[in-house]
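A structural walkthrough
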Amino acid sequence: MGRVYQGHPGIGTGLFEGEALVASDGFSARYDVDLTKGVFSRPAHKLHGESFAERIIVLDIAKGGVASAWMLRVLMQGAHRPKALILNWANPIMAQGASFGEMPLIDRFDCDITKELKTGERLRILPEEGRVEVVG
Amino acid sequence: MRLTDEEDAILNGSAGPIRARAMAHIVEVGRFFDAERLVEVSQAHIMADTEALGETGVAYLEGLAAADWEDRRVVIPTITDPRGADFKAYDRIRHDRAIVTLEERARDAFMALGVMMTDTCINYQTIMPPVKGEHLAFGDTGVCIYSNSVFGARTNYEGGPSALASALTARAPAYGFHLDRNRRATQRVIVEAELADYLDWGALGALIGERMGSYFEVPYVEGINAANSDQLKHFGAAMASYGSTALYHVAGLTPEADEALDGREVPEIKLNRADIDSYADRFRREDDTLDVVVFAVPQLSLIELGELAGHLDGRRVVDGTTLIATTNPEMKSAADRMGITKRIEDAGGILLEGVCYYQMHARELAEANGWHRLMTNSAKLTNTIAGYGYAPMVASMARCVDSAVAGRVV
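Residues numbered from 1 in each chain as written. Chains lettered and ligands numbered in written order. Predicted model: local features only at pLDDT ≥ 70, side-chain atom pairs only at ≥ 80, totals over all residues. Heavy atoms only, no water.

1. Some points on the domain arrangement of chain B
Residue and element names in this part refer to chain B.
- Partitioning chain B into structural domains gives domain 1 (5–180), domain 2 (184–281) and domain 3 (292–406).
- Relative to domain 3, the C-alpha centre of domain 1 lies at a distance of 27 Å.
- Listed as interface residues are 29 residues of domain 1 and, on the opposing side, 29 residues of domain 3.
- Between the two partners, domain 1 and domain 3, sit three salt bridges.
- A salt bridge links Glu 345 to Arg 92; the nearest nitrogen and oxygen atoms lie 3.0 Å apart.
- The tally of links between domain 1 and domain 3 comes to 18 residue pairs in polar contact (both at pLDDT 80 or more).
- Elements supplying a minimum of two residues to the side of domain 1 that touches domain 3: α3 (50–65), α6 (123–126) and α7 (141–149).
- A per-element tally of the side of domain 1 that touches domain 3 places α6 first, with three residues. (Domains from an automatic or database assignment. Contact = heavy atoms within 4.5 Å. Salt bridge = Lys/Arg side-chain N within 4 Å of Asp/Glu carboxyl O. Polar contact = N/O pair within 3.5 Å; in protein donor to acceptor, adjacent residues only side chain to side chain. Helix = DSSP H or I, 4+ residues; strand = E, 2+ residues; numbered from the N terminus.)

2. A few points about the sheet that holds strand β9 (residues 292–295) of chain B
All names here are of chain B.
- Ordered in space as β11-β10-β9-β12-β13, the five strands form an open sheet in which the pairing is parallel. If you trace the sheet from one side to the other, it starts and ends with β11 (350–353) and β13 (391–394), each paired once. On average, each strand axis in the sheet is inclined to that of its neighbour by 25 degrees, with strand direction left out of account.
- Bridge count for β9 against strand β10 (residues 322–327) is four bridges, and the pairing is parallel. The residue of β10 that forms the bridge with Val 293 is Leu 323.
- Against the sheet, helix α14 (residues 329–338) contacts β10 and β11, and its axis sits at roughly 140 degrees relative to β11.
- Sitting on the sheet, helix α18 (residues 397–406) is in contact with β9, β10, β12 (373–376) and β13, with an inclination near 150 degrees to β9. (Pairing = 2+ DSSP bridges. Axes fitted to C-alpha atoms, helices over the stretch in contact; angles between N-to-C directions.)

Listed below in structure tokens is the structure:
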């Protein structure tokens, strides 16, 4: 079996698989991404220009104001939706937005998860258990 | 998590599918933060301008609005944050009609749910101030920090979907600032300066906010001997904007300050006059061009509107520069009645109601009006507006008005 990382029980039910897209940077649904094109659009973001469609986004902390609670739903109902979000630290607004938008979310690992996972690795995640497996 | 029989029944559909979904959302968020139970909340405040909602969010609200009244109505007093456009004056600042149409759809859907369209981020000054210990589901960060800190009420940052879920169930998850243990101070801040203009208060809030590491940090501020509601409004709104901070204590002023430290040693920082002045210096530029002067964020109280009118009396905003102030419909009505609106508008200013500059499609406004250089006395606006393509600078209300009259930064 591949590497396994244990976070806090997260948001979402079931099992999700996808390719990791990783950076040591924050995540704001309002300021960092172009929802219609499905790419990271803020020039200063470390994933600038990267498509998140069908991928599991792995970043450091949740950023952005209260308004972003509505916006994860827009993200998840768009044509370029990601598979899931993994963070070192979420915040109330990100958790609320993930629940409302039905976006699987796991955070709070005992390591810096952005240092452990690599872009391109294939992940399998179980949000209810807070479990992340590297499967390829 | 332990639910009461009533909560469990709602979760299982006894009060209809909309309330069941709302309860499931509250339980899911609560589990994420290890809440052991729910609390009963007595008011909800929803942040749901169309800039945040988008077409998807408006369509979601319309879906709720189509349900039976008994299934869809909110069960506690539920009010709204500022909207994305002033229905009475949108053409004065070239707001796109499409934005107004979307706002009208959102308004109609909210009203069908029984939501009161207060359109305000100063509800704590103008609608129904919370009381100590009252559990709330409040949205806007400036509203949350004021309610927690100045009144000793209890709320987390509730985004629009969560505030609406609470409005439909009268519940919120018991984590964060609903619990005694999270309301104690984690940092001491010693202030060694006299604060004068609202900008001083906003700058101090910004400096404290950016020194806080997370949502769960609580500063304990010493060295402030007196303050009024407008001053604490600017102070808290800036702190929340820069720091995601939801609660502060001020020694000798706020209701929970006496128990906040509890004899514990916590890290200490000092801030002096030079620190406060350095905040405005960050935004100083060589050229003195100016496009728009904004008094908002948070919306102005009646007192601030009167002060603004006093600065503008007998003067005239120069052609080519726009001066905008925003307030809520209640204060606009009072300003109309008392002649304050006329004094502001006779000087060439524009007083808008039910909107606030950080959530009224500022990017589209900049493009439609050719605005780039923005001047304000709001530290919170300065923090957020650069992301919309503006080059902001901050100054006192008096200097902002002097600049609007001169047509350049003075």
